[in-house]
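Single-letter residue listing:
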Amino acid sequence: MKVEITVNGEPTGADVEPRLLLAHYLRENLGLKATNIGCDTTSCGACTVLVDGESVKSCTVLAVQADQQSVTTLEGLSHGVQLHPVAAAFRAEHGLQCGFCTPGMVLAAVSLLRENPDPTERDVREGLEGNLCRCTGYHNIVRAVLAAAGQDPDAEQRREAAGDAARTAPGFSAGEAAG
Amino acid sequence: MIPVDFEYVRPESLDAALALLAEHGEDATVLAGGHSLLPVMKLRLAAPALVVDIGRLPELHYIRVAGTEIAIGAGTRHRDVEVSDLLAAEVPLLPAVARTVGDPQVRHRGTLGGSLAHADPASDLPAAVLALDGTVVLRGPRGQRQVPITQFYPGVFATVKEPDELIVEIRVPRTGRAGWAYEKFTRRANDWAIVAVAVVDGRVGLVNMGSTPLRARATEAALADGASIEDAAALADQGTEPPADTAATPEYRRHLARVLTRRALTTAAAG
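J.: Report on the overall build of chain A, specifying residues and quantitative values.
T.: Scanning chain A from terminus to terminus reveals seven helices and five strands. Walking chain A from its N terminus toward its C terminus, one meets helices and strands in the order β-β-α-β-β-β-α-α-α-α-α-α. Its C-alpha radius of gyration of 18 Å places chain A within 12% of the 16 Å reference for a compact globule of 179 residues. For the C-alpha atoms alone, the extent of chain A along its principal axes is close to 60 × 40 × 25 Å. Within chain A, contacts between residues at least 6 apart in sequence are counted, and of these 58% link residues at least 24 apart.

Next comes the structure, spelled out in structure tokens:
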């Protein structure tokens, strides 16, 4: 089946099997290897790309579903040495360790900031819920996203250290201490 | 993991999609967001001969007032439910529940109709629509019919929808300022509920407490009879058959259902 997908602003096309995953189309057909495949089960987010500006996990999207749509991978985000502001913030704040999760993490962050340009630290943690960093480098990743939003990446932590507010991780019940 | 080979069609209209389902029957499977279907196809637990992609049909994407109800097109994505001002004002439970589904990437793809059709008893939205006493609108070659959500789930991963029918719309009452709450218990981010409880207007929906989404009928009856929240919530696991898995024993799930129901009723009463 023929597909036409705009990838990083360039028209691309191929005659593909309907079962071809978007992640494989990007990596194998187009040779864009920044999109990593981690878990292959919609869990880890390493394969996150943007489809029409919104983050999706490309291991759970068929290439044929992206026909006539626009896809952005990490390769298309920056222009040469001119880094995208989110990529620049990941570099400045050292928001990576081994780097495997980074392409997906950066694109998830771009999508998050598009929907919520002025997030709190908790918004960032919840907004990156679908991306796992097995180095557990979340601390600087969250700081990088806050910095990319033009915020002091340490402000909320300083406020929190000065107070004694109970906190819970995203997705967990706040329990009896809530409110 | 690669799915078994299949034919793929993306019809241009709802009528064309229905015609394909009428022609191919059980050999066809409907793809909307694909975030329930594609994982099971990749695991080869499903191997449809034909995949009918309805994900881009504009006719299925809307949220609008319909008298005393809100009508939501089946193709409306979780993200659209999450940020809908109309739902926030008229049915605030629904965006709050949609916000807890999966993660942002999943919510950019998954749809309300798809979640109801997949019929996973661990899913959030079926129990929320159940607590809302919603209605599922089905369309097929014999016309359109409305099924109360209370009659939609005959068993595990099953619905009363025929293979040649599509969910086209979900209707929920405008609950407005009636008290509501959603308590979801998970141990990991980005995971299904071990147990969750949706409360709205004195009705209680339970996630993952049996083979289908369930209502906590004993709790609802006790509340209607004037019982305290404490006493009513203690009945939340009556009539349930919670599953055992690596996350929890049935006994632990019963405990969670009672505790989460108490919390949800307390929050709803304070709202």
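J.: For the overall build of chain B, give the residues involved together with the corresponding values.
T.: In terms of regular secondary structure, chain B is built from eleven helices and twelve strands. For 271 residues, the compact-globule estimate of 2.2 N^0.38 gives 18 Å, and chain B sits close to it at 18 Å. The 271 residues of chain B split such that 51% are buried. Put simply, of all contacts in chain B between residues at least 6 apart along the chain, 61% involve residues at least 24 apart.

J.: Give me the interface of chain B and chain A: which residues, what numbers.
T.: Many analyses report the size of an interface as the accessible area lost when the parts associate. Each partner contributes to the interface: chain B provides 26 residues, whereas chain A provides 29 residues. The set of elements that each furnish at least two residues to the side of chain B that touches chain A consists of strand 1 (7-9), helix 2 (37-42), strand 3 (50-53), helix 6 (104-107) and strand 9 (180-185) of chain B. Per-element tally for the side of chain B that touches chain A: the top contributor is helix 6 of chain B, with three residues. Here the side of chain B that touches chain A is composed, by residue class, of twelve nonpolar, eight polar and six charged.

J.: Break down the packing of helix 3 (residues 85-92) of chain A against helix 4 (residues 102-115) of chain A for me, citing the residues and quoting the values.
T.: All names here are of chain A. Here helix 3 crosses helix 4 at 125 degrees, and the two axes come no closer than 9 Å. Relative to helix 4, the element helix 3 lies oblique. Note that helix 3 runs across helix 4; the crossing there is right-handed. Mapping the contact onto sequence places V86, A87 and F90 in helix 3 and T102, V106, A109, V110 and L113 in helix 4. Residue composition of the contact of helix 3 with helix 4, grouped by class: seven nonpolar, one polar and no charged.

J.: Requested: an account of the nonpolar core, with residues and values cited.
T.: Within the largest apolar cluster, 82 residues are counted, with the highest numbers of intra-cluster contacts made by B:L93, B:A128, B:V195, B:A196, B:A198 and B:V199. Considering every element that reaches this core, the biggest residue donor is helix 11 (residues 250-270) of chain B, with seven residues. With residues near it in sequence (within four places) discarded, B:V199 still touches B:A131, B:W180, B:A181, B:V204, B:A264, B:L265 and B:A268. With 51 residues, the next largest nonpolar core counts A:C47, A:V106, A:A109 and A:A148 among its residues.

J.: Quick rundown of the pairing of strand 9 of chain B? Include the residues and the values.
T.: All names here are of chain B. Taking burial as the measure, the six residues of strand 9 include six buried ones, the bulk of the element. The side-chain alternation of strand 9 yields two buried faces, one formed by W180, Y182 and K184 and the other by A181, E183 and F185. Relative to strand 10 (residues 195-200), strand 9 runs antiparallel, the two sharing six bridges. Residue F185 lies in a different strand from strand 10, and its bridge partner there is V195.

J.: Could you give an account of the sheet that holds strand 2 (residues 10-15) of chain A, naming the residues involved and the relevant values?
T.: Residue and element names in this part refer to chain A. The sheet built from five strands is open, its strands ordered 2-1-5-3-4 with mixed pairing. With one partner strand each, in any of the chains shown, strand 2 and strand 4 (54-57) form the two edges of the open sheet. Strand-to-strand, the axes of this sheet are offset by a mean angle of 40 degrees, without reference to chain direction. Direction of pairing for strand 3 (residues 48-51) relative to strand 5 (residues 70-72): antiparallel, over a ladder of two bridges. Bridging across to strand 5, V51 finds its partner in V71. Contacts from helix 4 reach strand 3 and strand 4, with the element oriented near 35 degrees to strand 3.

J.: Go over the environment of B:P3 with me, naming the residues and quoting the values.
T.: Within the secondary structure, B:P3 is located in the segment before strand 1. Expressed as a C-alpha distance, the spacing of B:P3 and B:A47, which sit 44 residues apart in the sequence, is 7.3 Å. Contact partners of B:P3, with chain neighbours within four places excluded, come to A:R19, B:M41 and B:K42.

J.: Break down the sheet that holds strand 7 (residues 143-148) of chain B for me, citing the residues and quoting the values.
T.: Residues and elements named next belong to chain B. If you walk across this open sheet you meet the five strands as 4-5-8-6-7, and the pairing is antiparallel. Looking at which strands have only one partner, the edges of the open sheet turn out to be strand 4 (63-66) and strand 7. The mean angle between the axes of side-by-side strands here comes to 25 degrees, regardless of whether they run parallel or antiparallel. When strand 4 meets strand 5 (residues 69-73), the two strands line up antiparallel, connected through four bridges. Of the residues in strand 5, the one forming a bridge with V65 is I70. Of the strands in this sheet, strand 6 (135-140) and strand 8 (166-173) are in contact with helix 1 (residues 14-24), which crosses strand 8 at around 120 degrees.

J.: Can you lay out the packing of helix 3 of chain A against helix 6 (residues 138-148) of chain A for me, pointing to particular residues and giving the numbers?
T.: Residue and element names in this part refer to chain A. In the contact formed by helix 3 and helix 6, the axes pass within 8 Å of each other and the chain directions differ by 135 degrees. As judged from the angle between their axes, helix 3 and helix 6 are oblique. As helix 3 packs across helix 6, the resulting crossing turns out to be right-handed. Residues P85, V86, A89, F90 and A92 of helix 3 lie in contact with helix 6, whose contacting residues are A144, A147 and A148. Counted by class, the contact of helix 3 with helix 6 contains eight nonpolar, no polar and no charged residues.

J.: Give a description of the confidence of the model for chain B that names residues and reports values.
T.: Low pLDDT marks stretches whose predicted atomic positions should not be read closely. When the pLDDT values of chain B are averaged, the result is 97; 100% of them are 70 or greater. The complex prediction reports pTM at 0.94, with the ipTM value standing at 0.94.

J.: Give a detailed account of unusual backbone geometry, specifying residues and quantitative values.
T.: Even without a glycine there, the phi angle at A:Q68 is positive, about 65 degrees. Following the sequence through the fold, A:Q68 ends up in the loop between strand 4 and strand 5. Residue A:Q68 is classed as exposed on the basis of its C-beta count, with 10 C-beta atoms lying within 10 Å. Even without being a glycine, B:N208 presents a positive backbone phi close to 70 degrees.

So, how was this worked out
- Residues numbered from 1 in each chain as written.
- Chains lettered and ligands numbered in written order.
- Predicted model: local features only at pLDDT ≥ 70, side-chain atom pairs only at ≥ 80, totals over all residues.
- Helix = DSSP H or I, 4+ residues; strand = E, 2+ residues; numbered from the N terminus.
- Rg over C-alpha atoms; globule rule 2.2 N^0.38 Å.
- Contact = placed C-beta atoms within 7 Å.
- Buried ≥ 20, exposed ≤ 12 C-beta atoms within 10 Å, placed from the backbone.
- Nonpolar A, V, L, I, M, F, W, Y, C, P; charged D, E, K, R; others polar.
- Axes fitted to C-alpha atoms, helices over the stretch in contact; angles between N-to-C directions.
- Parallel < 35°, antiparallel > 145°, perpendicular 65-115°, else oblique.
- Left-handed = near helix turned anticlockwise from the far one by under 90°.
- Core = buried A, V, L, I, M, F, W, Y, C linked by C-beta atoms within 7 Å.
- Pairing = 2+ DSSP bridges.
- pLDDT = per-residue confidence, 0-100.

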